[in-house]
Amino acid sequence: MNPKTHFRLAVLHVVVVAMLLVLLGRLWNLQVINGEHYRQVAAQNRIREIVVPATRGMILDIHGRPLVRNRASLVVSVDRTVLSRQDDGGKAVLERLAATLGTTRAELEKRIRLCSPTVKRPCWPGSPYQPIPVADRVDPKQALQIMERAEEYPGVTAAVQAVREYPEPEGAVAAQTLGYLQPITQEELDERRGLKVTGYSGVDLIGRDGLEAHYDADLRGRAGVREVLVDSQGRVTGTAREQPPIPGSSLVTSLDARIQAAAEQAIKNAVDKARQAGSKADSGAAVVMDARTGRVVALASYPTYDPSVWIGGISQAEYDALLGKSKGQPLISRAIQGQFPPASTFKISSVAAAVADGYPLNGVYPCPGSYRVGNREFRNFEGQAHGNMNLHRALVVSCDTIFYKFAYEQWLRDGGLKPVKKPKDPMAAMARNFGFGSKTGIDLPNEASGRIPDRTWKREYWEATKDDTCKAAKNGYKELERTAPTRAAYLKAIAKEHCAEGYVWRPGDAANFSIGQGDVLVTPLQLARAYAALANGGKLVVPRVGLAVIRPDGTVVRRIEPPEPKRLPVDGKVLAYMRKALAEVTTQGTAAGAFSGFDLKKVHVAGKTGTAEVYGKDDTAWFASFAPAKDPRFVVVAVISQSGTGGTYAAPAVREIYETMYGLNGKKAALVNGDLPTALPKVNPDGSTSVPTGTAP
Amino acid sequence: MIAGIGVTDVVEGYGGRYTWRHRLAGLRRLDWSLILAVVALSVLSALLVRSATWAELAEQGKDPDGFLKRHLLNLGIGFALGAVVSMLDYRLLRAYAPIVYGLACAGLVAVLSPLGKTINGSHSWIVLGGGFQVQPSEFAKVGLVVLLAMLLAEPRDGEPRDADAGPGPRDIVLALALAGAPAALVMAQPDLGTTLVLGAVVLGMLAMAGVRKRWLAGLTGGAVLAACAVWFLGLLKPYQIARFTAFANPEADPRGAGYNAMQARIAVGSGGVTGKGLFAGEQTGGHFVPEQQTDFIFTVAGEELGFIGGGLIILLLGVVLWRGLRIASSAADPFGALVAAGVVCWLGFQMFENIGMTLGIMPITGLPLPLVSYGGSATFANMIALGLLQAVHLRARPFPA
């Protein structure tokens, strides 16, 4: 035998021993040194958390009528993990499922693909490890087909789930106020991972707007968790731990479905009427509020939409078609987000400002057809001259020139073009006291704050926009010149002026401000609150839609109390004086026509019309009111954008709402003895609700 | 044609007469520590195969012991084959080696023809019908070991060789050519693991045959260059590369290429010192590790029997290798020594590669664990190899040099 062989066999001995030692060492390293780590990984490997969503609470009106509730729906879901383990990646399964559900595989694939910045809806924004709902409202027959032939549909489940439903009681939709739900995004999930107590999970829907968003924590409940043991195919082999879900509580609101429906209908009628008259009438809103407490009874916004479009996901195309710009952006609640110049409805603030500034409340002032402010004539509405009058009359007939005088004189006292260091600006200060220019603090998201312009604001605005305006002043509006040369020339002149000295608070600005025109913007809700303060004797209430949170078993979690209102620094006598004046608006003033035939003896409505003029647009109509005039209980405000005069379009809408509230003109009263119920509705464990005793719906 | 067991005429005992007495004496002279180790491994193997398969079989409503029964049958046939081979005079094998080799190569060619069947991504089976299938690549290993031993053991006719020189360039080229044919066929299946085993066998046997160091160094260098060429010329499919490299960092793609490596490591690691108990492995019961009765059977041992059980399997395999080396050292002739050394290289490399891949220190290739994994062809080939070791042992020199 080759002597080398012996030596080399010895080497092979060493190699074999070395290999054995390496394997043993590595085994020791894995099992003994890192054993604990791998034991933990192994546990994660085979225990999968399945989130059991909690049933979301209902949103009820003040009588317990559900505005949003849940309906049991057969939902078909697809598990991506199981599909991906099919030989063909699940194509055949989806093909079969599509045939059963009467859709296409491409459509299903779109719904189960994961959303990303480049992948737009339809797609799944939730966790990829959760079953993804692909169809709700499945017919029991289809569901049975899927469940009976489970082997043909691996990864597909059909189960009963709670789905949002909008019963529209009495015809009330309140879409923008209720808001909508969307699956929680991965970013939101990641954000909340740190604070696990909130109980969000991949399958959860999250309130995206309105009450659903604001009261999300109450409505949501807490999702349960089932920790199941799974094998590598994700097949469940047992349950490790189960924590049942805690169903969400229901939200009782102060909304009254009948009044809400009436408000929605009234705004729609007004819009239709204005459109028939040839106006654009692009949007509108109405607010009904308890003047003493700030409880919101109705919030209507036009255009509106059917909130059930959100159920089961919405595609980008559907979104654009139903909720986009072409449809007037119906997601935006004009009642709290719409900002309009308030016009003459603003005069309650201006009167209070003038009196606070020393003008006698009972003084007599001239109301000429026009008033010279600086070097420009400012005309009354339609140039009418009314002679001398007191402030009462000024409100009733809506005289503008009196307010121009106040504003101009105050402007001069503040130093005019060369303002003193701390201008008093009584009009702007009073407007802020009335709550304009800042959010009301209502329990709804995305509220707009409106705008109270003054010297500071104008300078800031000028600085922010001067680059553009100066460019326009130089170059003009080329495109507009071809279509509308007069308008282009006008705009160019304005731009020139703005560019040069747009920061100057001119006397015209002050004059316009005093009658709620120019750059003043308010939301309908702000105006309603200001009128509530006028009506209730000076309390600047904080509006609330939510009334109470009630558990599914009927126990009251908490009553939602509005925060302590601020005091309006206006003498009670002044407020009483204005209330008296506004009471005449409906009998002999600007809204007398709209209220002719209205039983004012039964319910005396007091209010103020407003007609805001915006260059190049139709007028915006306002009517802000309260009733009963002697002992005000409710405030009703309506605005119809780009329609016409307040007396023609807004006041009739408000009248319609009052008719439903008090049961006039053949309508059945929504209020009981002119008041809202005081007792909370009862929520029964089975999800039904009942009306509090002693009141009729 | 069964040759008798010679007793006195150890070297020249061709066709010596045999009696019952001789046979009993022969039985006594078998390498019993090798047999005991193999029996112990077979028992463990049966338990592990059952543990890896019963849950899924039960789930599918089949006999939970179905795999166990087939495995026991395979083991029975394997032991019988091994016994027969051990009783053969291995020197006669020289005559049959080309036939075994030729049959194996023919089988490998057949596999690539439409007769072949793909199982688990590898086109390496011939289905015989009746639930039987053959994996020719397993038998190619046996054929190659015997053929190379024959080629390298002694100088060919008319070519006297310096005793120190070992096989010369012509032998080396011929050996590489003989190994190259099955290796290429196996690679075409594609079965990277078996190709590596064939390579390890050639290299090991050339080394044991006494090929000069510079040739060995050249061969090793050539192998490395060839590997680089395969790599850079893109002869491997992307999934093979991914699988091959995933062992280094399985977390990079835990649901894809790294899945096997990751799951294997988790299963073994979670076993700890004492394991979770036989049939009580949660990772095993949940089928997290793929191919668990074959390529990844060591994970069952690791998870359920812990370091004690896993270490025991490694030690038992070590005993097999150690006995193989002893048999090689004490073989009566270079041919026997090379056969034994070849078997050791084969089993040793395959064991290291298989356990190494489950532990994450070797790349993942489709190779069963010798003497432990479930499988017909593999079990038969392994048992034949062990039979060869016994045959060489029975004719060993009484006083090993």
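Quick caveat: nothing in here was measured; it's all calculated off a predicted structure.

With reference to specific residues and values, describe the overall build of chain B.
When helices and strands are counted, chain B shows 14 helices and 3 strands. Looking at chain B residue by residue over its 401 residues, the buried ones come to 52%. Pairs at least 24 residues apart make up 70% of the contacts formed inside chain B by residues separated by at least 6 positions.

Outline the overall build of chain A, listing residues and values.
Each helix and strand in chain A was counted, giving 23 helices and 25 strands. Burial analysis of chain A (697 residues in total) assigns 47% to the buried set. Looking at chain A alone, contacts between residues at least 24 apart form 72% of all its contacts between residues at least 6 apart.

Explain the packing of helix α5 (residues 136-153) of chain B against helix α7 (residues 192-208) of chain B to me, using residue names and the numbers behind them.
Residue and element names in this part refer to chain B. In contact at an axis separation of 10 Å, α5 and α7 are set at 15° when each is read in the N-to-C sense. Considering the angle they form, α5 stands roughly parallel to α7. Here α5 and α7 pass one another in a crossing that is right-handed. Residue-level contacts link S137, K141, L144, V145, L148, A149 and L152 of α5 to T194, V197, L198, V201, V202, M205 and L206 of α7. Within the contact of α5 with α7, the residues separate by chemical class into 11 nonpolar, 2 polar and 1 charged.

I'd like to hear about the interface of chain A and chain B, residue by residue, with values.
Between chain A and chain B, the contact holds 34 residues from the first and 43 residues from the second. For the side of chain A that touches chain B, the residue count by class is 16 nonpolar, 12 polar and 6 charged.

Provide a residue-level description of the pairing of strand β10 (residues 250-253) of chain A, including the pertinent values.
A regular strand places its side chains on the two faces of the sheet in alternate fashion. Residues and elements named next belong to chain A. Here β10 shows no split at all, with S250 and V252 on one side and L251 and T253 on the other all buried. Note: strand β2 (residues 59-60) against β10, 2 bridges, orientation parallel. Bridge pairing links L60 to V252 in β10.

Before we move on, can you summarise the nonpolar core with the specific residues and values?
Residue and element names in this part refer to chain A. Counting 147 residues, the largest nonpolar core has A286, A638, A650 and I657 as the members making the most contacts within it. Considering each element in turn, this core owes the most residues, 10 residues, to helix α11 (residues 257-276). Three or more residues apiece are contributed to this core by two domains, here domain 1 (48-248) and domain 2 (257-305 + 522-562 + 571-682). In contact with I657, other than residues within four places in its own chain, are I259, A262, A263, A266, A286, V288 and V636.

How would you summarise the confidence of the model for chain A if you had to cite specific residues and measurements?
Note: predicted coordinates in regions of low pLDDT should not be interpreted at a detailed level. Per-residue confidence for chain A averages 87 on the pLDDT scale, and 93% of its residues sit at or above 70. Throughout residues 193-202 of chain A the model reports pLDDT below 50, and contacts reaching past four residues in sequence, or to other chains, amount to 13 contacts.

Run through helix α22 (residues 572-588) of chain A, naming residues and quoting values.
Given 3.6 residues per turn, any residue in an α-helix points the same way as the ones three and four places further on. Residues and elements named next belong to chain A. Compared with an ideal rise of 1.5 Å per residue, which puts 17 residues at 24 Å, α22 spans 24 Å between its outermost C-alpha atoms and is within 8% of the ideal. By the burial criterion, the buried members of α22 are V574, L575, Y577, M578, A581, L582, A583, V585 and T586. In this structure, the buried side of α22 is in contact with α13 (347-356), α14 (391-397), α21 (524-536) and β21 (606-612).

Describe the packing of helix α12 (residues 297-329) of chain B against helix α13 (residues 334-359) of chain B, and please don't skip the residues or the numbers.
Residues and elements named next belong to chain B. In contact at an axis separation of 9 Å, α12 and α13 are set at 165° when each is read in the N-to-C sense. In terms of their interaxial angle, α12 and α13 are classed as roughly antiparallel. Between α12 and α13 lies a crossing of left-handed hand. In this structure, α12 uses F298, T299, I314, L317, V320, L321, G324, L325, I327 and A328 to contact α13, whose residues at the interface are A337, A340, A341, V343, V344, L347, G348, M351, N354, I355 and T358. Of the residues contributing to the contact of α12 with α13, the split by class is 16 nonpolar, 5 polar and no charged.

Residue-level account of the confidence of the model for chain B, with values.
All names here are of chain B. On average, residues of chain B score 83 in pLDDT, and 84% of them are at 70 or above. When the elements of chain B are averaged for pLDDT, helix α9 (residues 238-246) gives the smallest value, 69, and α12 the largest, 95. Scored below 50 in pLDDT, residues 1-16 makes 24 contacts in the model with residues more than four places away or belonging to other chains. Reported confidence for the predicted complex is 0.90 by ipTM and 0.66 by pTM.

Requested: an account of unusual backbone geometry, with residues and values cited.
All names here are of chain A. Across the junction of Y302 and P303, the peptide omega takes the value 0°, indicating a cis bond. Counting through the fold element by element, P303 comes out in the loop between β12 (296-302) and α12 (316-323). Following A627, the chain continues into P628 via a peptide bond in cis, with omega recorded as -10°. Relative to the helices and strands, P628 resides in the loop between β22 (620-627) and β23 (634-641). Positive phi, normally seen in glycine, also occurs at E168, with a value near 50°. Inspection of the secondary structure assignment puts E168 in the loop between β5 (156-165) and α7 (175-178). The phi dihedral of Q329 falls on the positive side, at around 50°, and the residue is not glycine. Structurally, Q329 can be placed in the loop between α12 and α13.

How would you sum up the sheet that holds β21(A)? Please name residues and give values.
Residue and element names in this part refer to chain A. With respect to topology, 5 strands assemble into an open sheet ordered β12-β11-β23-β22-β21, the strand pairing being antiparallel. With partners counted over all chains shown, the strands left at the sheet margins are β12 and β21, one partner each. Mean inter-strand twist for the sheet, computed between neighbouring axes without regard to direction, equals 5°. Pairing geometry for β21 and β22, over 7 bridges, is antiparallel. Each bridged residue has a counterpart across the sheet, and for G607 the counterpart in β22 is S625.

Tell me about the environment of T299(B), and please be specific about residues and values.
All names here are of chain B. Take T299: it is sitting in helix α12. As for T299 and G271, which are separated by 28 residues in sequence, their C-alpha atoms are 9.0 Å apart. The contacts of T299, once residues within four sequence positions are left out, are A264, A267, V268, V289, Q292 and T358.

Definitions and limits used
Residues numbered from 1 in each chain as written. Chains lettered and ligands numbered in written order. Predicted model: local features only at pLDDT ≥ 70, side-chain atom pairs only at ≥ 80, totals over all residues. Helix = DSSP H or I, 4+ residues; strand = E, 2+ residues; numbered from the N terminus. Buried ≥ 20, exposed ≤ 12 C-beta atoms within 10 Å, placed from the backbone. Contact = placed C-beta atoms within 7 Å. Axes fitted to C-alpha atoms, helices over the stretch in contact; angles between N-to-C directions. Parallel < 35°, antiparallel > 145°, perpendicular 65-115°, else oblique. Left-handed = near helix turned anticlockwise from the far one by under 90°. Nonpolar A, V, L, I, M, F, W, Y, C, P; charged D, E, K, R; others polar. Pairing = 2+ DSSP bridges. Core = buried A, V, L, I, M, F, W, Y, C linked by C-beta atoms within 7 Å. Domains from an automatic or database assignment. pLDDT = per-residue confidence, 0-100. Expected span 1.5 Å × (residues − 1).

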